[in-house]
Amino acid sequence: MNLEEKSQEVRKVFEELDLEIKSFLDASKLTCISGCGFCCSNPKVSASVLEFLPLAFDLYDKGKAEKALEMLDKTSEEDACIIYKSLSEDGHSGFCSDYNNRGMICRLFGSSARKNKEGQKEIITCKKIKAEKKDLYESAIEGIKSEMPIPSSTDAYRKINNIDFRLTEQQLPINKAIKEALESVITFKFYTENQEPESVDNF
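Residue numbers here run from 1 along each chain, matching the order of that chain's written sequence. For a predicted model such as this one, the threshold for reporting local features is a pLDDT of at least 70, and the threshold for listing and counting side-chain atom pairs is 80 or more; totals across whole chains, interfaces and linings nevertheless cover every residue. Only hydrogens and water are removed before side-chain values are computed, so all heavy atoms of the structure are retained for them.

Caption draft 1: Broad picture of the overall build of the chain. Numbering of helices and strands starts at the N terminus; helices are DSSP runs of H or I of at least 4 residues and strands are runs of E of at least 2. When its secondary structure is counted, the chain shows eight helices and six strands. Listing the helices and strands of the chain from first to last along the sequence gives α-β-α-α-β-β-α-β-β-α-α-α-β-α. In summary, the chain has a C-alpha radius of gyration of 18 Å against a globular reference of 17 Å for 203 residues, a match within 12%. On the principal axes, the C-alpha backbone points of the chain span a range of 60 × 40 × 25 Å. Classification of the 203 residues of the chain by burial places 39% in the buried group. Contacts were defined at the residue level, with two residues in contact if any of their heavy atoms lie within 4.5 Å. Taking the contacts inside the chain whose residues are at least 6 apart along the sequence as the reference set, 76% of them involve residues at least 24 apart. Method for areas: the Shrake-Rupley scheme with a 1.4 Å probe, in which residue coverage is limited to the protein chains shown. Entry remark: accessible area of the chain is about 11800 Å², with carbon and sulfur atoms responsible for 49%. Counted as positive: Lys and Arg. Counted as negative: Asp and Glu, with His and the chain ends omitted from the count. Where a charge lies is defined by one atom per residue type: Lys uses NZ, Arg uses CZ, Asp uses CG and Glu uses CD. Each charge sign in the chain was given a centre, from 29 positive and 36 negative side chains, and these centres are 6 Å apart. Only C-alpha atoms enter the radius of gyration; for comparison, a globular chain is expected to reach 2.2 Å times N to the power 0.38, where N is the number of residues. Whether a residue is buried, partly exposed or exposed follows from its accessible area with a 1.4 Å probe, protein chains only, as a fraction of its type maximum: under 20%, in between, or over 50%, in that order.

Caption draft 2: Layout of the pattern of salt bridges. Take a side-chain nitrogen of Lys or Arg and a carboxyl oxygen of Asp or Glu: if they are within 4 Å of each other, that pair is a salt bridge. All chains considered together, the criterion is met by 13 salt bridges. Between Glu-9 and Lys-12 there is a salt bridge; the shortest N-O distance is 3.2 Å. Taken together, the residues span about one helical turn, with Glu-9 and Lys-12 both in helix α1 (residues 3–28) at a distance of three residues. With a relative accessible area of 27%, Glu-9 lands in the partly exposed category. Of the residues examined, Lys-12 reaches a relative accessible area of 45% and is grouped as partly exposed. Three or more residues joined by partner-sharing salt bridges are found here, namely Lys-6, Asp-164 and Arg-166.

Caption draft 3: Molecular detail of the side chain of Ser-7. By secondary structure assignment, the location of Ser-7 is in helix α1. When residues no more than four places from it in sequence are discounted, the contact partners of Ser-7 are Leu-53, Pro-54 and Phe-57.

Caption draft 4: Looking closely at the nonpolar core. Joining through side-chain atoms within 4.5 Å is the link that ties buried Ala, Val, Leu, Ile, Met, Phe, Trp, Tyr and Cys residues into a set, and such a set is a nonpolar core. With 37 residues, the main nonpolar core has Phe-52, Met-104, Ile-178 and Leu-182 as its most contacted residues. Of all the secondary structure elements, the ones that give two or more residues to this core are α1, α2 (53–61), α3 (65–73), α4 (104–108), α7 (153–161) and α8 (174–194). With eight residues, α8 is the single largest residue contributor to this core. Those residues in contact with Met-104 that lie beyond four places of it in its chain are Val-13, Phe-14, Leu-17, Glu-51, Ala-156, Tyr-157 and Ile-160. With 12 residues, the next largest nonpolar core counts Ile-123, Cys-126, Met-148 and Ile-150 among its residues.

Caption draft 5: Main features of unusual backbone geometry. Phi is positive for Lys-29, which is not a glycine, with a value near 65°. Following the sequence through the fold, Lys-29 ends up in the loop between α1 and β1 (46–47). By relative accessible area, Lys-29 is classed as exposed at 51%.

Caption draft 6: Up close: the side chain of Asn-175. Within the secondary structure, Asn-175 is located in helix α8. Engagement of the side chain of Asn-175 in a polar contact is seen with the backbone nitrogen of Ile-82, the distance being 2.9 Å. Each polar contact in these results corresponds to two N or O atoms within 3.5 Å; when the atoms are within protein, one needs to be able to donate a hydrogen and the other to accept it, and residues that are neighboring in sequence are counted only if both atoms are side-chain atoms.

This is how it looks when you write it as structure tokens:
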């Protein structure tokens, strides 16, 4: 697969995952707190290059790749994800400006489960939800022990790892992951648009 085909495969994984997430949220009602951007404002969120290929290709197709790179060049390790738009001074209120192209980590957090040391499912979520939506959280915990559907974070990552392990094995600060995805897409597009197609089949 070339880079664009890998991006399309990632998007397919995301589309399937979104349906699983919807089923869980419909059943549990355990949604994020409206207007909360606490997790998104954390500069220590890490991600892989592969999960941001769909965003990078979309930005390229819209003619926004170079501008995004300029923004990324100005960020520091203390800055939150560039597609998160803060609405408060502390950054804890805001929204994702490109929700459809958000990464795997953004989709899974608050809407998926992992196995704990006892082999039981536990919801991957934040302290604010546990505190402010305590009843719904506790109900969801009981629900996922039986029939309530919830995506498995392990399964989701396995699916994208199978697309290209090299682009998922390293977890980077989220802005660095976006930047490397953009740089890869720009390079890929340069060669596909300026050379014969067979020369980039294994890009």
